[in-house]
Amino acid sequence: MAPMSDVKYKTIQLDLREGVCTATMDAGDQGQVNLMTGKLFKEFGDMVKRVARDDQIRVLVVKSANEHFWLAHLDVNAILNEPNPPHERGEVLNEWHSNMEILRNMPKATIAVLAGRVGGGGHEFALNFDMRFGLYDKTKICQMEVPLGIIPGGGACVNLRRLLGAGRAMEVILSGDDIEAEQAERWGLLNRCFKDREQLEAHVARLAQRLAQWPSEAVRCAKASVLAAERMPHTEALKENLMLFYRSLRGPEARARLQRFLKEGGQSWSGEMDLQSTLSKL
């Protein structure tokens, strides 16, 4: 598979630098609401697979070229033209869920910059990122399927229950109402919100650059441990956590960084009081 630096997409613009892949989506739809079109979905699925396999990329950031919409929702025409919808539960995940699971489980950090409206399948897409950031008075989330007579089929019924609990998930899904940025932040749908785009972009850039500096094995193991807690009973997740801790400890950079931490003032008064400065020297 060709490296990301050699790949060109029609609906996604890539910027690769210092371990961070920033993908800017532009569906180019006539209504200018940045629909999740078939072309955008196909290209994003290809990009996700490539990013997951590219060891040079440590962080994936996904933004929108449309200042008003991250992704409005799935193209309704595609739903109406769904050929012969199955009557029974499938034995394997379909292409959508397979790509979302690759995104959710890839061994690197993923960040969605939701600086605008996001709804329906677009929001289901966003729910698979590790982190989501938004703008006050600009970001609005709407899971709008039930008012249309259908239900979210891209994972919201599962992921919102996981993130919000049953009651709040029911409110978001059954009401089809807008969730404002402040409420989304309080509920944990958004990690943080910012007053303007400049602050949002600056925070995400700093965070992505920070994460890209850390040993990839440590990021991989930390993320795997968090995700294990979703699928395992509590005691099994603790065992998995300990196993992953020892795996990270055996990583090629771990011992050198631990020794450097002590050398640079870790475990001393001054080094611990200014911990971020100490960590920056690693």
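By the naming in an unreviewed UniProt entry, the chain goes by Enoyl-CoA hydratase and is assigned to Durusdinium trenchii.

What to know about the layout of surface pockets
Estimated volume of the largest pocket: approximately 1100 Å³. Forming the walls of the largest pocket are 34 residues, and the residues nearest its centre are Leu74, Glu82, Asn94, Gly153 and Gly154. Secondary-structure elements contributing two or more residues to the lining of the largest pocket are α1 (38-53), α2 (76-80), α3 (95-105) and α4 (120-126). The leading source of residues in the lining of the largest pocket is α2, at four residues. Residues that form the lining of the largest pocket fall into these classes: 17 nonpolar, 10 polar and seven charged. Approximately 520 Å³ is the volume attributed to the second largest pocket. Around the second largest pocket, the lining is made up of 20 residues, and of these Pro215, Ala218, Ala254, Arg257 and Leu258 lie nearest the centre.

What to know about the sheet that holds strand β6 (residues 117-119)
Taken in spatial order, the four strands line up as β4-β6-β8-β9 in an open sheet, and their pairing is mixed. Strands with a single pairing partner mark the edges of an open sheet, and in this sheet they are β4 (69-71) and β9 (179-180).

Quick word on a nonpolar patch on the surface
A contiguous nonpolar surface patch, about 450 Å² in accessible area, is contributed by Val76, Ile79, Leu80, Leu148 and Ile150. Within the element layout of this structure, Ile79 appears in helix α2.

Remarks on the sheet that holds strand β2 (residues 20-25)
Overall, mixed pairing links the six strands, which are arranged β1-β2-β3-β5-β7-β10 in an open sheet. With one partner strand each, in any of the chains shown, β1 (12-17) and β10 (192-194) form the two edges of the open sheet. This sheet shows a mean twist of 20 degrees between the axes of neighbouring strands, independent of strand direction. Looking at chain direction, β2 and strand β3 (residues 59-64) are connected through six bridges and run parallel. Bridging across to β3, Cys21 finds its partner in Leu60. Sitting on the sheet, α1 touches β1, β2 and β3, and the angle it makes with β1 is about 20 degrees.

Side note on the packing of helix α5 (residues 156-164) against helix α6 (residues 166-175)
Across the interface, α5 lies against α6 with an axial gap of 7 Å and an inter-helix angle of 135 degrees. Classified by the angle their axes make, α5 and α6 are oblique. In this structure, the crossing between α5 and α6 has a hand that is right-handed. Within the contact between the two elements, α5 uses Ala156, Cys157, Leu160, Arg161 and Leu164 and α6 uses Ala166, Arg168, Ala169, Val172 and Ile173. Taken together, the residues of the contact of α5 with α6 break down into eight nonpolar, no polar and two charged.

With respect to the side chain of Glu43
Secondary-structure assignment places Glu43 in helix α1. Within the buried core, Glu43 has no salt-bridge partner, and the shortest N-O distance to an opposite charge, that of Lys39, equals 6.5 Å. Engagement of the side chain of Glu43 in a polar contact is seen with the side chain of Thr11, the distance being 2.6 Å. Those residues within four positions of Glu43 in sequence are excluded, and the remaining contacts are Tyr9, Lys10, Thr11 and Ile12.

Points about the pairing of strand β7 (residues 131-135)
For β7, the buried fraction is high: five of the five residues fall into the buried class. Residues of β7 alternate between two faces, with Met131, Phe133 and Leu135 on one and Arg132 and Gly134 on the opposite face, all of them buried. In terms of strand pairing, β7 meets β10 through three bridges, oriented parallel. Bridging across to β10, Gly134 finds its partner in Cys193.

Conventions we followed
Residues numbered from 1 in each chain as written. Predicted model: local features only at pLDDT ≥ 70, side-chain atom pairs only at ≥ 80, totals over all residues. Heavy atoms only, no water. 1 Å grid on protein atoms, 1.4 Å probe; cavity = no way out; pocket = protein on both sides within 12 Å on 5 of 7 lines; lining within 4 Å. Points joined across faces, edges and corners; volume = space filled by probe spheres on them. Helix = DSSP H or I, 4+ residues; strand = E, 2+ residues; numbered from the N terminus. Nonpolar A, V, L, I, M, F, W, Y, C, P; charged D, E, K, R; others polar. Pairing = 2+ DSSP bridges. Patch = residues over 30% accessible without salt bridge, like charges linked within 9 Å, V, L, I, M, F, W, Y side chains within 5 Å. Areas by Shrake-Rupley, 256 points an atom, 1.4 Å probe, with all protein chains shown as cover. Salt bridge = Lys/Arg side-chain N within 4 Å of Asp/Glu carboxyl O. Axes fitted to C-alpha atoms, helices over the stretch in contact; angles between N-to-C directions. Contact = heavy atoms within 4.5 Å. Parallel < 35°, antiparallel > 145°, perpendicular 65-115°, else oblique. Left-handed = near helix turned anticlockwise from the far one by under 90°. Buried < 20%, exposed > 50% of the residue type's maximum accessible area, 1.4 Å probe, protein only. Lys, Arg positive; Asp, Glu negative; His and termini not counted. Polar contact = N/O pair within 3.5 Å; in protein donor to acceptor, adjacent residues only side chain to side chain.

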